Amino acid sequence: MEYPSSAGAVASESTPLLEHPPPKLRRPLKVFSVTLASVIFLISLVTLIINQAQDPSLPTRSPSTPKATSFPEPEPRGVAEGVSAKSNPSFFSDKVSYNWTNAMFYWQRTSYHFQPQKNWMNDPDGPLFYMGWYHLFYQYNPDSAIWGNITWGHAVSRDLIHWLYLPFAMVPDQWYDINGVWTGSATLLPDGQIMMLYTGDTNASVQVQNLAYPTNLSDPLLIDWVKYPGNPVIVPPPGIETDEFRDPTTGWLGLDGVWRITIGSRYNVTLGISLVYRTTNFTTFELLDEPLHAVLGTGMWECVDFYPVSVNGSKGLDTSVVGSGIKHVLKASLDDTKLDHYALGTYDPIEDKWTPDDPEMDVGLGLQVDYGRYYASKTFYDQNKERRILWGWINETDSEQDDLEKGWASVQTIPRTVLFDNKTGTNVIQWPVDEIETLRLNSSDFDDILIPPGSVVPIDIGSATQLDIFAEFETQVISESNVEDYSCNGGAANRSSLGPFGILVIADQTLSELTPVFFRPVNSTDGTFLNYFCADETRSSLAPDVMNQVYGTTVPVLNDEKLHMRVLVDHSIVESFGQGGRRVITSRIYPTQAIYGAAKLFLFNNATNVNVTAKLKIWELNSAFIRPYPFHHI
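**Topic: empty space enclosed by the protein**
If you roll a probe as big as a water molecule over the atoms, it shows you where there is empty space left.
Then comes step 1: Going through the model one piece at a time under the given rule, you end up with eight cavities of 30 Å³ or more.
Then comes step 2: If you go around the largest cavity, you meet 15 residues; those closest to its centre are Val 83, Lys 86, Asp 123, Thr 183 and Glu 302.
Then comes step 3: Elements supplying a minimum of two residues to the lining of the largest cavity: β1 (119-130), β5 (181-188), β15 (301-310) and β19 (375-382).
Then comes step 4: Residue composition of the lining of the largest cavity, grouped by class: six nonpolar, four polar and five charged.
Then comes step 5: Approximately 70 Å³ is the volume found for the second largest cavity.
Then comes step 6: Along its surface, the second largest cavity is lined by Asp 305, Tyr 307, Val 329, Lys 331, Tyr 342, Val 369, Ser 377, Thr 379, Leu 390, Val 418, Val 428 and Gln 430.
Then comes step 7: When contributions to the lining of the second largest cavity are tallied by element, the ones reaching two or more residues are β15, β16 (326-334), β19 and β24 (428-432).
Then comes step 8: Class assignment for the residues of the lining of the second largest cavity results in seven nonpolar, three polar and two charged.

Below, the structure is given as structure tokens:
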């Protein structure tokens, strides 16, 4: 990637990367093998759900399978009510709460990421493009900054960046959703109708699927919604726990002219499954004999997503597209680990079965959508610009008490386009939507910055809280490198022959707080050469009562490629894209010193045996306009 010549100067002095205590290690994800036993297990599942008819009476909770959770007592908010953890009440019970100020809380609010004016937000719901407007619905608590009383918030945008808040789309006011209008998806029919399927939590705490639709299709803002009087349209089938059955997907049209949707669940604690239903009218549904897919050892599947990608194309595809030159992405949010996993595979539209390209990289076993603080993602097809757009929820890692004090919690990621990576053939590419570039203000270019081993180099751009950074790195080995067994887990302070090196964002002048985003090349002990892409939050905050982790994974780097990254900095949110978006890491940070004008940017090289040369192109980003819709001006 070529950049223009330098337009700014780099300070000549460099200082060593400060030592610090060993960082907290991220708990590794357990990897499960799919064996003959899992096949037998799946067959038994199919036997249980075959020929099921819908029963108008709601089933009761199955007593045979205890609820799995990886959290200590007390349970995080939401778990006891049958959904994933929504808060962190017990993580820091042994820590003294930091003395946060209003100025610190105010700085944490983002400037160009979508978030409500106040209170709690979680999963994105039913995104769509309609009559010139992008619509985002989202899980929202109108009464508090912690999860509960879940209502559908609604906002619209012309460009996916500037947003206008609208009145609530749906509130929990019927017996079939009185305990929450939970996550759902929109399907646009060929005749222009919009079908919104969503999970409702009933007065008996049973998860059912409901239908809603706009009352006035001539209204581009889609302000008024009505719930189908015959709700619920789907109830949990026998063999499925009544509180493990949620989050219907966008529908896709089969070759037989019948619509399909899929819903996430689990069977017998560990088998994550994606059930398939057919419908001609979105009011009556037939459960298929076999699930779309199932993976042993992955637990409850939430927020399942299923969509096609073109193998050789540069555009997104409508959800119903099938045929040659197409792969299908199957994604699930794993309730047990709170991670979003996906896999590439082949969809058989006749049998309604999906098969992964690589069984060892199946859903829940391999690739993550995002390796940082990220969950409950959802895509939609943008027919306006022929692209597939991905949304994701960035949840908090501070305490509920802190959220109550600041009056809000959670942010949505910058919308990302999704394409198949035809260079590697093994992953998708995620990239911020082009519209983010409309926020760019002044830019700075830095060429051929030498970063010797063990050094930190300041980048003089002034305040560094709202940035779009492109960074490219070349290395020169200055002594023989060792065979090593390193990964991201040791963080940026853990030195090895060839790394780590990268940038320090949201850092103060003394480096008491900093968030490194870095590469770590490794000559591994098994004879392979790997490149890791990582983000280290362990020194991002001096506050003791926030959860700081090291995130990351290996990233494919082709022979003719240099190591490069793009990093979006927006106050307390850092979204990092490695090698053109093959791997993405979202960081949620809570600095106490590196805020306002004290937030700085640095380059660093903590390798022992290489010189690193860097090129940078950096834009300061403007704030987006995110405010209530101006009805009074109409």
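**Comments concerning the state of the cysteines**
Then comes step 1: What the rule picks out here adds up to one disulfide.
Then comes step 2: Across the disulfide from Cys 488 sits Cys 534; the S-S distance is 2.0 Å. With the S-S bond torsion at -70°, the cross-link from Cys 488 to Cys 534 turns out left-handed. Of this pair, Cys 488 sits in the loop between β27 (466-477) and β28 (501-507) while Cys 534 sits in strand β30 (residues 529-536), and the two are 46 residues apart along the sequence.
Then comes step 3: The class for Cys 488 is buried, based on a relative accessible area of 3%.
Then comes step 4: The class for Cys 534 is buried, based on a relative accessible area of 0%.

**Comments concerning unusual backbone geometry**
Then comes step 1: Going from Asn 231 to Pro 232, the amide bond is cis rather than trans, its omega being 0°.
Then comes step 2: Of note, the amide linkage connecting Gly 499 to Pro 500 takes the cis form, showing an omega dihedral of 10°.
Then comes step 3: Looking at where Pro 500 falls in the secondary structure, it is placed in the loop between β27 and β28.
Then comes step 4: A positive phi angle, close to 50°, is found at Glu 386, a residue other than glycine.

**Looking at the packing of aromatic side chains**
Then comes step 1: Per the counting criterion, the structure on display carries 31 aromatic pairs.
Then comes step 2: Relative to Trp 163, the ring of Phe 114 lies with its centre 5.7 Å away and its plane at 65°, an arrangement referred to as edge-to-face. Note that Phe 114 is positioned in the loop between α2 (102-108) and β1 and Trp 163 in strand β4 (residues 163-170), a separation of 49 residues in sequence. The residues Phe 114 and Trp 163 share a single accessibility class, namely buried.

**What about the sheet that holds strand β31 (residues 550-554)?**
Then comes step 1: With antiparallel pairing, six strands are arranged side by side in an open sheet as β26-β35-β28-β29-β30-β31. The sheet terminates laterally at β26 (455-459) and β31, the two strands that pair on one side only. The average undirected angle you get between the axes of adjacent strands in this sheet is 20°.
Then comes step 2: Both β30 and β31 contribute to a ladder of five bridges, which runs antiparallel. When the bridges of β31 are listed, Asp 536 appears paired with Val 550.

**Some points on the pairing of strand β33 (residues 573-578)**
The side chains of a regular strand alternate between the sheet's two faces.
Then comes step 1: The buried fraction of β33 is high, at six of six residues.
Then comes step 2: Burial along β33 is two-sided: the face carrying Ile 573, Glu 575 and Phe 577 and the face carrying Val 574, Ser 576 and Gly 578 are both buried.
Then comes step 3: As paired strands, strand β32 (residues 563-570) and β33 are joined by six bridges and run antiparallel to one another. Note that in β33 the partner of Val 567 across the bridge is Ser 576.

**Section: a nonpolar patch on the surface**
Then comes step 1: Residues Leu 255, Val 322 and Ile 350 make up a contiguous nonpolar surface patch of about 290 Å² in total accessible area.
Then comes step 2: In this structure, Val 322 sits in the loop between β15 and β16.

**Description of the pairing of strand β12 (residues 271-279)**
Then comes step 1: Taken across its nine residues, β12 has eight buried, putting it largely inside the fold.
Then comes step 2: In this sheet, β12 lies alongside strand β11 (residues 259-267) in antiparallel orientation, the contact comprising nine bridges. Across the sheet, Arg 266 pairs through a bridge with Gly 272, a residue of β12.
Then comes step 3: Between β11 and β12, which pair antiparallel one after the other, the connecting turn spans three residues, and Asn 268 there sits at a positive phi close to 55°.
Then comes step 4: Summarising the sheet, β12 and strand β14 (residues 293-295) pair through three bridges and their orientation is antiparallel. Among the inter-strand pairings, Ile 273 is bridged to a residue of β14, identified as Ala 294.
Then comes step 5: The turn joining β12 and strand β13 (residues 286-287), which pair antiparallel and follow one another in sequence, is formed by six residues; a positive phi near 65° is taken by Phe 282.

**Considering the confidence of the model for the chain**
Then comes step 1: The share of residues in the chain with pLDDT of 70 or more is 85%, and the mean pLDDT across the chain is 89.
Then comes step 2: Counting contacts from residues 1-16, a segment whose pLDDT is below 50, to residues more than four positions away or on other chains yields 41 contacts.
Then comes step 3: Scored below 50 in pLDDT, residues 18-72 makes 101 contacts in the model with residues more than four places away or belonging to other chains.

**Some words on the side chain of Ser 333**
Then comes step 1: By secondary structure assignment, the location of Ser 333 is in strand β16.
Then comes step 2: Judged by relative accessible area, Ser 333 falls into the buried class, the value being 0%.
Then comes step 3: There is a polar contact of 2.9 Å between the side chain of Ser 333 and the side chain of Lys 331.
Then comes step 4: Other than its neighbours up to four places away in sequence, Ser 333 contacts Met 300, Trp 301, Glu 302, Cys 303, Leu 339, Asp 340, Tyr 375, Ala 376 and Ser 377.

Calculation notes
Throughout this document, residue positions are counted from 1 along each chain, in the order its sequence is written. Side-chain atom pairs in this predicted model are given and counted only at pLDDT of 80 or more, local residue features only at pLDDT of at least 70, and totals for whole chains, interfaces and linings cover all residues. Heavy atoms throughout the structure, all of them, feed into the side-chain values; hydrogens and water do not. In the cavity and pocket records, a cavity denotes points on a 1 Å grid over the protein atoms alone where a 1.4 Å probe fits but cannot get out, a pocket denotes an open set with protein on both sides within 12 Å along at least 5 of 7 lines, and lining residues are residues with an atom within 4 Å of a point. Grid points are joined across faces, edges and corners, and a volume is the space filled by probe spheres set on the points. Helix numbering and strand numbering both begin at the N terminus, where a helix is a DSSP run of H or I of at least 4 residues and a strand a DSSP run of E of at least 2. All amino acids are sorted into three groups, where Ala, Val, Leu, Ile, Met, Phe, Trp, Tyr, Cys and Pro are nonpolar, Asp, Glu, Lys and Arg are charged, and the leftover types, Gly among them, are polar. Two cysteine sulfur atoms form a disulfide, by the criterion used here, when they sit within 2.5 Å. The cut-offs for exposure are 20% and 50% of the maximum accessible area for each residue type, with area from a 1.4 Å probe on protein chains only; residues under the lower value are buried, those over the upper are exposed, and the others partly exposed. Each Phe, Tyr or Trp ring (for Trp, its six-membered ring) is paired with any other whose centre lies within 6.5 Å, and the angle between the two planes then decides the class: stacked below 30 degrees, edge-to-face above 60, tilted in between. In short, DSSP must find at least two bridges between two strands for them to pair. Helix axes use the C-alpha atoms of the stretch in contact, all axes being lines fitted to C-alpha atoms, and the angles between their N-to-C directions lie in the range 0 to 180 degrees. Think of a patch as exposed residues, more than 30% relative accessible area, with no salt bridge, where like charges cluster within 9 Å and nonpolar side chains (Val, Leu, Ile, Met, Phe, Trp, Tyr) cluster within 5 Å. A 1.4 Å probe and the Shrake-Rupley method give the accessible areas. Residues count as covered only by the protein chains that appear here. Within this document, salt bridges are pairs made up of a side-chain nitrogen of Lys or Arg and a carboxyl oxygen of Asp or Glu, the two lying within 4 Å of each other. Scored between 0 and 100, pLDDT is the confidence that the predictor attaches to each residue. In what follows, residue pairs with any heavy atoms lying within 4.5 Å of each other are defined as contacts. Contacts described as polar in this section are N or O atom pairs within 3.5 Å, which, within protein, must combine one atom able to donate a hydrogen with one able to accept it, while residues neighboring in sequence count only if both atoms come from side chains.

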